[in-house]
Amino acid sequence: MPLTRRTLFAAGGGGLLLAQAQALATPAQAQDAPKPIVSDNKLRIAMPAFASDPFFPADDSGDSGIDMDLARGIAAELGVEPVFDRSAGTFDAMVQQLTFGQADLAIGKLSRTLRRGRSILYSRPYAMLHQGLLANRVNLARITQGKPPEQIIRDFSGDLGVIEGSSFATYAAATFPHATIQRFAGWNMVIDAIRNGTIDLAYRDDFEIKKLMVDDPSMTVVARSITLTDKVDTIAVGISPDNPHLAAFVDLYLDLARGQQVLNTDEIIARYRQRSKV
């Protein structure tokens, strides 16, 4: 076909249309390209400043524990560096770090609650505990008047101690609607209140209560533990609400790398006893 002014114009126009099509396609392709799960090759992990052995140690006192191992394992599978933020003074403070965009994950014996679930994403549980009570023996005898504690515990109307900023501070009003809720800054303060009888019951998971009896057998003289077998406390990873891809990856990690293992109280107590001997 002879080259004419018309054919050259047509060819040039076709080339222009092709170039325009490529220019239009490029942004769409870039937009559809997979994005990294985390930015800057770092996984920002919120964890409390205090200790909860065997889950995590106090800040600057070691890097071992159930939650430490979990955090490092997730980061390793992502091929990024774990960066721990140990500024949270309460469990709720970890949740706030996620909602404010200051952390990608919150890993630190974090209980799942419906209130927290309104603002963050959760992984599936990796530990399942029962809720429990620590009772001052003298006060409990006065309240029960010889009846089995299980018969009166749900209608309890005395003083109930909880840790401020914990899931149990949230659970308390629904589980014990007639109780007077006393909020304390830390678990040691709750224990002291049980010892001196200023509160009747303390409300926490059964693992922490059983661990207390392991650490201090003298507590059995002044207190007794009660497990609420119909109430569970599920422990999971908290995830930034802006990163559903990371949430899906954490679930995948728990399924494939951890074999869908869900730790229970007896297994965690066994780990705690073993670590205590080291």
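Here we summarise the structure given alongside this text.

Rules of the game
- Residues numbered from 1 in each chain as written.
- Predicted model: local features only at pLDDT ≥ 70, side-chain atom pairs only at ≥ 80, totals over all residues.
- Heavy atoms only, no water.
- Pairing = 2+ DSSP bridges.
- Helix = DSSP H or I, 4+ residues; strand = E, 2+ residues; numbered from the N terminus.
- Axes fitted to C-alpha atoms, helices over the stretch in contact; angles between N-to-C directions.
- Contact = heavy atoms within 4.5 Å.
- Patch = residues over 30% accessible without salt bridge, like charges linked within 9 Å, V, L, I, M, F, W, Y side chains within 5 Å.
- Areas by Shrake-Rupley, 256 points an atom, 1.4 Å probe, with all protein chains shown as cover.
- Salt bridge = Lys/Arg side-chain N within 4 Å of Asp/Glu carboxyl O.
- Buried < 20%, exposed > 50% of the residue type's maximum accessible area, 1.4 Å probe, protein only.
- Phe/Tyr/Trp six-rings, centres within 6.5 Å; stacked < 30°, edge-to-face > 60°.
- Lys NZ or Arg CZ within 6 Å of the ring centre and 35° of its normal.

**As for the sheet that holds strand E8 (residues 201–205)**
Part 1 of the reasoning: Taken in spatial order, the five strands of this open sheet run E7-E6-E8-E5-E9, and their pairing is mixed. The two strands at the open ends of the sheet, each matched to only one other strand, are strand E7 (180–184) and strand E9 (223–235). Across the sheet, the axes of successive neighbouring strands diverge by a mean angle of 25 degrees, strand direction being ignored.
Part 2 of the reasoning: Two strands pair when backbone bridges link them, and strand E6 (residues 159–163) and E8 are joined in this way by two bridges, in the parallel orientation. Paired with Leu160 across the strands is Leu201, a residue of E8.
Part 3 of the reasoning: Sitting on the sheet, helix H5 (residues 137–144) is in contact with strand E5 (127–136) and E9, with an inclination near 85 degrees to E5.

**Some points on a nonpolar patch on the surface**
Part 1 of the reasoning: Together, Met128, Val232 and Val262 line one region of the surface with nonpolar side chains, adding up to about 220 Å² of accessible area.
Part 2 of the reasoning: Among the structural elements, Val232 can be located in strand E9.
Part 3 of the reasoning: Residue Val232 is classed as partly exposed on the basis of its relative accessible area, which comes to 40%.

**A short note on the packing of aromatic side chains**
Where two aromatic rings form a pair, the distance of their centres and the angle of their planes describe that pair.
Part 1 of the reasoning: Tallied over the full model, the rule gives seven aromatic pairs.
Part 2 of the reasoning: One aromatic cluster is present, built from ring pairs that chain together Phe156, Phe168, Tyr171, Phe176 and Tyr203.
Part 3 of the reasoning: Lying across the ring of Trp187, Arg204 places its NZ or CZ 5.0 Å from the centre.
Part 4 of the reasoning: Positioned over the ring face of Tyr272 is Lys211, at 5.2 Å from the centre of the ring.

Functional significance is not addressed by these values, which are geometric in nature.
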